[in-house]
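Analysis of the macromolecular model
Take a look at the letters that make up each chain.
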Amino acid sequence: MIMNLAIVGLQWGDEGKGKIVDYLARNFDVNARYQGGSNAGHTVRYKGEKVIFHQVPCGVLNGNIQGVIGGGCVLDPKILLEEIQNLTTYDPAIKDRIRISKFCHLIMPYHILIDEIREGSKQAIGTTKKGIGVAYEDKYGRTGLRVGDLYNVESFEKKLSINISRKNLILMDVYHAEPLSDNEIFDLYMGYAEELRSMVADDTKIVGEAIDAGKNVLFEGAQGAMLDIDYGTYPYVTSSHTVASSVGIGLGIPPYSVESVLGVAKAYTTRVGQGPFPTEDSGELGKLLRESGAEFGSTTGRPRRCGPFDVALVKYAARINGVKEMVLTKLDVLAGIDKIRIAVGYESNDEMDPFATEQLVPKYIEVPGFAEDISGVRSSGDLPDNALNYINVIEEHTGIKVSHVSVGPERDAIVKM
Ligand code: IMP
């Protein structure tokens, strides 16, 4: 029996959740995103081609699965329409299988502009500059515009005009930037409204009714636990809840809808953007992981910071998500490293404390590496002994079972343990 399953990242995002969602999606009827927006970059290999998803749930290229963008997400219509256009080349009927919640807050041009301006100032935290934080600020400040608002033209125009006059004051007086024109933005968004119309729906009904009908739902998280707005390395976080508890609120369904949570962790650690990173290696190892693992952001192209696996960090992320099993991704990238370091705790304390991340000094152990290229391995018995040992050491120290390891970008490059 398949259960309603949430896939979550156990590090700072970019764990390879996209590939795992795509791999599992064939067994599900619905694939739903519940938080975040176009800051996400989920990479999937489809028929040998690299397809990057930003807002569309990335399992939609599997059979007849329905993709849902939940009300907890923030939506950039321009990026979404480009993404859908691209997906149409793989499946001409893709639009029929994508539904967008009317409750989603819209990312507006002023959100992106303000995000970009702040990132050029002392306020910078290394965002993706997609307007995510500013859109969520408006949502919680109760001034945001939602997808459903697009279809009440008069009220949309009024709300937009109020928003733009406020934002123009900030743009001109605080940031000394050019003001925006409400007519242009209004026309642009009315154009988007028509293009999106057939996909706009009530996610609470679609997903809720699917669950009631006994269908299988795959909940797709974006970013990772350490980027959670409350439980991550604040303020160097994203502006949504990235942990599994966010599923219910992000789709308007009860909390018990999530029957199981599968974590995804990379076999080493990466982070993009600013903020503390206890196991960061700014020397040879970091460089090697970045090059062998192609560690460059799929949304921004920024080089990712890299370092050894951090047990305490993954244990913390698993605890707050309720993860008992995880997929270890990119194990193939470690091939050729003579001795692999793993941080099994910190000098001061063996627990991750997101308040003290700046001060945490990792305690490392070293395990023997493996020289073999494992990207063609499909059965656990064919993994080199030292690769199996690496997995065992991680399982022992984290207390989390590794259910699968991913050994390459292709959909089938996965080994069940
Ligand atoms: P924002 O979400 O664009 O506001 O960026 C806030 C922080 O989250 C920055 O450190 C970003 O690099 C990071 N971030 C946002 N989305 C992703 C992602 O999909 N993968 C990895 N990091 C992300």
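Residues numbered from 1 in each chain as written. Predicted model: local features only at pLDDT ≥ 70, side-chain atom pairs only at ≥ 80, totals over all residues. Heavy atoms only, no water.

Section: the site of the ligand
Taken together, 16 residues surround the ligand, and among them Asn39, Thr128, Thr238, Val272 and Arg302 come closest. Contact between the ligand and Gln223: a nitrogen atom at 3.2 Å from a side-chain N or O atom of the residue. A distance of 2.6 Å separates an oxygen atom of the ligand from a polar side-chain atom of Thr238. Isolated, the ligand exposes 470 Å² of accessible area, and the fraction of that covered by the protein chains is 97%. Of the residues belonging to the shell around the ligand, the class tally is 6 nonpolar, 8 polar and 2 charged. (Near = heavy atom within 4 Å. Polar contact = N/O pair within 3.5 Å; in protein donor to acceptor, adjacent residues only side chain to side chain. Areas by Shrake-Rupley, 256 points an atom, 1.4 Å probe, with all protein chains shown as cover. Nonpolar A, V, L, I, M, F, W, Y, C, P; charged D, E, K, R; others polar.)

Concerning the pairing of strand β7 (residues 98-101)
Relative to β7, strand β5 (residues 66-69) is paired through 3 bridges, and the arrangement is parallel. Across the sheet, Ile69 pairs through a bridge with Ile100, a residue of β7. Relative to strand β9 (residues 200-201), β7 is paired through 2 bridges, and the arrangement is parallel. Each bridged residue has a counterpart across the sheet, and for Ser101 the counterpart in β9 is Ala201. (Pairing = 2+ DSSP bridges. Helix = DSSP H or I, 4+ residues; strand = E, 2+ residues; numbered from the N terminus.)

Here's the deal with the sheet that holds strand β16 (residues 339-346)
Sheet architecture is open: 3 strands sit in the order β14-β16-β17, paired in mixed fashion. The open sheet has two edge strands, β14 (309-310) and β17 (362-368), and neither has a second partner. Bridge analysis of β14 against β16 gives 2 bridges, and the strand direction is parallel. Across the sheet, the residue bridging to Phe309 is Ile342, located in β16.

Thoughts on the packing of aromatic side chains
As enumerated under the stated definition, the model contains 4 aromatic pairs in all. Between Trp12 and Phe277 the ring centres are 5.2 Å apart and the planes differ by 55°, which places this aromatic pair in the tilted class. Of the two residues, Trp12 sits in the loop between β1 (5-9) and α1 (17-24) while Phe277 sits in the loop between β12 (269-271) and α9 (284-292), which places them 265 residues apart along the sequence. What makes Trp12 buried here is its relative accessible area of 2%. Arranged with centres 6.4 Å apart and planes meeting at 35°, the rings of Phe156 and Phe186 form a pair that is tilted. (Phe/Tyr/Trp six-rings, centres within 6.5 Å; stacked < 30°, edge-to-face > 60°. Buried < 20%, exposed > 50% of the residue type's maximum accessible area, 1.4 Å probe, protein only.)

Section: the domain arrangement of the protein chain
Domain assignment breaks the protein chain into domain 1 (5-101 + 201-261), domain 2 (105-196) and domain 3 (265-416). In this structure, domain 2 and domain 3 have C-alpha centres spaced 38 Å apart. Each partner contributes to the interface: domain 2 provides 6 residues, whereas domain 3 provides 5 residues. Taken over both partners, the interface formed by domain 2 and domain 3 buries close to 390 Å², and the fraction arising from carbon and sulfur atoms is 47%. Among the residues of domain 2 in contact with domain 3, Ile125, Gly126 and Thr128 are the three that bury the most area, contributing 66% of the side total. Inspection of the domain 2/domain 3 interface yields 0 salt bridges. Linking domain 2 with domain 3 are 3 residue pairs in polar contact (both at pLDDT 80 or more), by the criterion used here. When grouped by side-chain class, the residues that make up the side of domain 2 that touches domain 3 number 2 nonpolar, 3 polar and 1 charged. (Domains from an automatic or database assignment. Contact = heavy atoms within 4.5 Å. Buried area = accessible area lost by both parts, 1.4 Å probe. Salt bridge = Lys/Arg side-chain N within 4 Å of Asp/Glu carboxyl O.)

Side note on helix α11 (residues 385-398)
The first and last C-alpha atoms of α11 sit 20 Å apart over 14 residues, in line with the 20 Å expected at 1.5 Å per residue. Of all the residues in α11, the buried ones are Ala387, Tyr390, Ile391, Val393, Ile394 and Thr398. What you see down the axis of α11 is that its buried residues fit within an arc of 155°, all on one side. Along α11, the residues that are exposed and aim more than 90 degrees away from the buried face are Asp385 and Glu396. The inward-facing, buried residues of α11 abut β14, α10 (311-321), β15 (325-329), β16, β17 and β18 (401-406). Of the residues flanking the end of α11, it is Gly399, one or two places downstream, whose phi is positive at about 75°. (Expected span 1.5 Å × (residues − 1). Arc of directions from axis to C-beta.)

Some points on the nonpolar core
Ranked by internal contacts, the top residues of the largest apolar core, which has 66 residues, are Phe219, Leu331, Leu334 and Tyr390. Top contributing element to this core by residue count: α10, with 7 residues. Lining this core are residues from two domains, each supplying at least three of them: domain 1 (5-101 + 201-261) and domain 3 (265-416). In this structure, Val60, Ile65, Ile98 and Ala193 belong to the second largest nonpolar core, which totals 50 residues. (Core = buried A, V, L, I, M, F, W, Y, C linked by side-chain atoms within 4.5 Å.)

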